[in-house]
Amino acid sequence: NTVFVSGATGFIALHVVNDLLKAGYKVIGSGRSQEKNDGLLKKFNNHPNLSMEIVKDIAAPGAFDEIFQKHGKQIKVVLHTASPFHFDTTDFEKDLLIPAVNGTKSILEAIKKYAADTVEKVVVTSSVASLAAPANMGKNNETLTEKSWNTDTWESCQVNAVAAYCGSKKFAEQAAWDFLKENKSAVKFTLSTVNPGYVFGPQMFADSLKNGVNTSSSIVAQLVHSKAGEQFFNYSGAFIDVRDVSKAHLAAFEKPECAGERLVLSEDLFCSQDIVDILNEEFSQLKGKIAVGEPGSGPGFLEKTSCKLDNSKTKKLLGFKFYNFKDCIVDTASQMLEVQNEA
Ligand code: NDP
């Protein structure tokens, strides 16, 4: 059984690749350059079941055609994780919205053209961002579920990079469901989406922390590396451990009951204050050296500033227990501190 993973070099995808190999799947991954692909193969000790292909830019027309022309007949499962996740742009269409949407459309088009008879399952990595616009994430009288949709339009999401990223996830996910509706008779795959909240947890390979950290992990990294008395932005939202996100990608295609479902991954709500509290309580070497904020004020802050989330349907479908916040943050920060100490 061969699984194709787009964006295999990413924070989440490296865990997915690892879990797939452990489960005995053959994996074909895509990364943006020969150098990145070689680096990944080396990290996995040139595992005989792993190979890599280059997709320089998922926004380019026909970005996945060559790969599916070459390997389409052996690919049964497609996990589409590649999508821009950064806030470092003012050209929201070019850098966030268009690559997210075009990447999703072009991988599905490539399946239709070259692997319509072989691909049985497609899993698209979406986000809690596609459940609600940032402005509505803060409404404490709203409850998000697997049925919720971000109400921003293509235009209204372009107010800042965060809203545009959230829009990019919504429009990409919607493009996938629409594609399936419009091509029901031309393809045979079922579709599931994995919609995680903020993803924390250790990097698959600690040395990934040496070349700049991925966007969600940087929320923890900034606090681990903060100074005593420093003010910090109190991020809030749903969180999930990367090890659970990876597990859910496998369940999404392995469990027949996950077909056609949006799997909303959240263990609980969190805010940055909660991270700071755990860092100060659990790491004696950080005490007195990093930000403290207002210890214990996290739950009250969340009550006022965050919507609720009910993902009981997903929890029932997946049937496994998620990492709790404390273990997730302790494991994330321990790895960051180890890498820092080695430097
Ligand atoms: P990463 O940035 O580590 O992974 C994103 C991957 O997509 C990287 O491999 C990146 O390659 C690739 N990619 C981005 N843009 C392009 C492009 N234009 N062409 C080709 N490849 C591209 O982040 P995560 O692992 O966190 O994200 C993986 C997925 O999970 C994304 O779809 C993201 O939206 C989603 N997600 C993440 C959450 C989180 O908190 N981490 C929460 C919810 C959803 P490169 O690094 O070489 O640019």
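Look up: the structure comes first, before these words.
Not measured: the values here are computed from a predicted model. (Residues numbered from 1 in each chain as written. Predicted model: local features only at pLDDT ≥ 70, side-chain atom pairs only at ≥ 80, totals over all residues. Heavy atoms only, no water.)

Visitor: I would appreciate a short explanation of the overall build of the chain in the present structure.
Guide: Of the regular secondary structure elements, the chain holds twelve helices and twelve strands. By the compact-globule yardstick of 20 Å for 343 residues, the chain fits well, its C-alpha radius of gyration being 20 Å. Projecting the C-alpha coordinates of the chain onto the three principal axes gives extents of approximately 60 × 45 × 40 Å. For the chain, the proportion of its 343 residues judged to be buried stands at 55%. In the chain, once contacts between residues fewer than 6 apart in sequence are set aside, the share between residues at least 24 apart is 77%. Surface exposure of the chain reaches about 15,300 Å², of which carbon and sulfur atoms provide 50%. (Helix = DSSP H or I, 4+ residues; strand = E, 2+ residues; numbered from the N terminus. Rg over C-alpha atoms; globule rule 2.2 N^0.38 Å. Buried < 20%, exposed > 50% of the residue type's maximum accessible area, 1.4 Å probe, protein only. Contact = heavy atoms within 4.5 Å. Areas by Shrake-Rupley, 256 points an atom, 1.4 Å probe, with all protein chains shown as cover.)

Visitor: Could you clarify how one ought to interpret the environment of Asn183 in this entry?
Guide: Mapped onto the fold, Asn183 is located in the loop between α6 (161-182) and β7 (190-196). Here Asn183 falls in the buried class, since its relative accessible area comes to 8%. In this structure, the C-alpha to C-alpha distance between Asn183 and Lys315, residues 132 residues apart in sequence, is 30 Å. A polar side-chain atom of Asn183 sits 2.7 Å from a polar atom in the side chain of Lys112. (Polar contact = N/O pair within 3.5 Å; in protein donor to acceptor, adjacent residues only side chain to side chain.)

Visitor: Looking at this structure, how should I read empty space enclosed by the protein?
Guide: A water-sized probe rolled over the atoms picks out the places where empty space is left. Throughout the structure, instances matching the rule amount to one cavity of 30 Å³ or more. Taken as a whole, the largest cavity spans an internal volume of roughly 50 Å³. Lining of the largest cavity is provided by His80, Ala82, Ser83, Thr104, Val124, Thr125, Ser126, Lys169, Ala172 and Glu173. At three residues, the largest contribution of residues to the lining of the largest cavity is made by α6. Split by residue class, the lining of the largest cavity holds three nonpolar, five polar and two charged. (1 Å grid on protein atoms, 1.4 Å probe; cavity = no way out; pocket = protein on both sides within 12 Å on 5 of 7 lines; lining within 4 Å. Points joined across faces, edges and corners; volume = space filled by probe spheres on them. Nonpolar A, V, L, I, M, F, W, Y, C, P; charged D, E, K, R; others polar.)

Visitor: Help me out: how do you make sense of the sheet that holds strand β3 (residues 50-54) in this one?
Guide: Strand pairs in the sheet, formed through backbone hydrogen bonds, run parallel or antiparallel to each other. In spatial order, the strands read β3-β2-β1-β4-β5-β7-β10; together these seven strands make up an open sheet with parallel pairing. Edge positions in the open sheet fall to β3 and β10 (262-265), since each of these has one partner strand only. Looking at each pair of strands side by side, their axes are set apart by 20° on average, direction ignored. Seen against the sheet, helix α4 (residues 92-114) touches β1 (2-6), β4 (75-80) and β5 (121-125) and runs at an angle of roughly 175° to β4. Against the sheet, helix α8 (residues 242-254) engages β1, β4, β5, β7 and β10, with an angle of about 165° to β7. (Pairing = 2+ DSSP bridges. Axes fitted to C-alpha atoms, helices over the stretch in contact; angles between N-to-C directions.)

Visitor: When you look at the site of the ligand in this model, what are you seeing that I'm missing?
Guide: Near the ligand, the surroundings consist of 27 residues, among which Lys36, Thr81, Tyr165, Lys169 and Val199 are the closest. Note that an oxygen atom of the ligand is positioned 2.9 Å from one of the backbone N or O atoms of Phe11. If the ligand stood free it would expose 880 Å²; the protein chains cover 89% of that surface. Among the secondary structure elements, those contributing two or more residues to the shell around the ligand are α1 (11-22), α6 and β8 (198-200). Per-class residue counts for the shell around the ligand are eleven nonpolar, eleven polar and five charged. (Near = heavy atom within 4 Å.)

Visitor: How should the nonpolar core be read in this particular structure?
Guide: Among soluble globular proteins, nonpolar side chains are generally buried collectively. In this structure, Val5, Leu20, Leu79, Phe253 and Leu318 are the most contacted members of the largest nonpolar core, which totals 39 residues. Among the secondary structure elements, those contributing two or more residues to this core are β1, α1, α2 (34-43), β3, β4, α8, β10 and α11 (312-318). Sorting elements by how many residues they give to this core places α1 first, with eight residues. Beyond its immediate chain neighbours, meaning those up to four positions away, Val5 contacts Ala13, Val17, Leu20, Val27, Ile28, Gly29, Ser30, Leu79 and Thr81. (Core = buried A, V, L, I, M, F, W, Y, C linked by side-chain atoms within 4.5 Å.)

Visitor: Is there a simple way to think about helix α12 (residues 325-342) in this case?
Guide: In an α-helix, one turn spans 3.6 residues; hence positions three or four apart end up facing the same way. Along its 18 residues, α12 runs 26 Å from first to last C-alpha, staying within 8% of the 26 Å computed at 1.5 Å per residue. Where α12 is concerned, the buried positions are Phe325, Cys328, Ile329, Thr332, Ala333, Gln335, Met336, Leu337 and Val339. If you follow the buried residues of α12, they end up packed against β8, α7 (215-224), β9 (236-241), α8, β11 (268-271) and α9 (272-282). Capping the start of α12 is the job of one residue whose side-chain oxygen sits 3.1 Å from the backbone nitrogen of Lys326: Asn324. (Expected span 1.5 Å × (residues − 1).)

Visitor: Explain the packing of α1 against α8 here, please?
Guide: Packed helices, taken two at a time, are described by the angle their axes make and the gap between the axes. With their axes 9 Å apart at the nearest point, α1 and α8 run at an angle of 55° to one another. Regarding the angle of α1 to α8, the classification is oblique. You can see that α1 and α8 cross each other, and the crossing is right-handed. Where α1 abuts α8, its residues Phe11, Ile12, His15, Val16, Asp19 and Leu20 lie against Val242, Arg243, Val245, Ser246, Lys247, His249, Leu250 and Phe253. In the contact of α1 with α8, the residues fall into eight nonpolar, three polar and three charged. (Parallel < 35°, antiparallel > 145°, perpendicular 65-115°, else oblique. Left-handed = near helix turned anticlockwise from the far one by under 90°.)

Visitor: Please explain the pairing of β3 as it appears in this structure.
Guide: Looking down a regular strand, the side chains alternate between one sheet face and the other. Relative to β3, strand β2 (residues 26-31) runs parallel, the two being bridged by five bridges. Directly across from Val27, in β3, lies its bridge partner Leu50. Viewed along the sheet, the connection from β2 through α2 into β3 turns out right-handed. (Right-handed = clockwise from strand over helix to strand, strands pointing away.)

Visitor: Can you help me understand the side chain of Gln203 in this one?
Guide: The topology assignment puts Gln203 in the loop between β8 and α7. The contacts of Gln203, once residues within four sequence positions are left out, are Phe11, His15, Ser208, Leu209, Val213, Asn214, Ser217 and Gln335.

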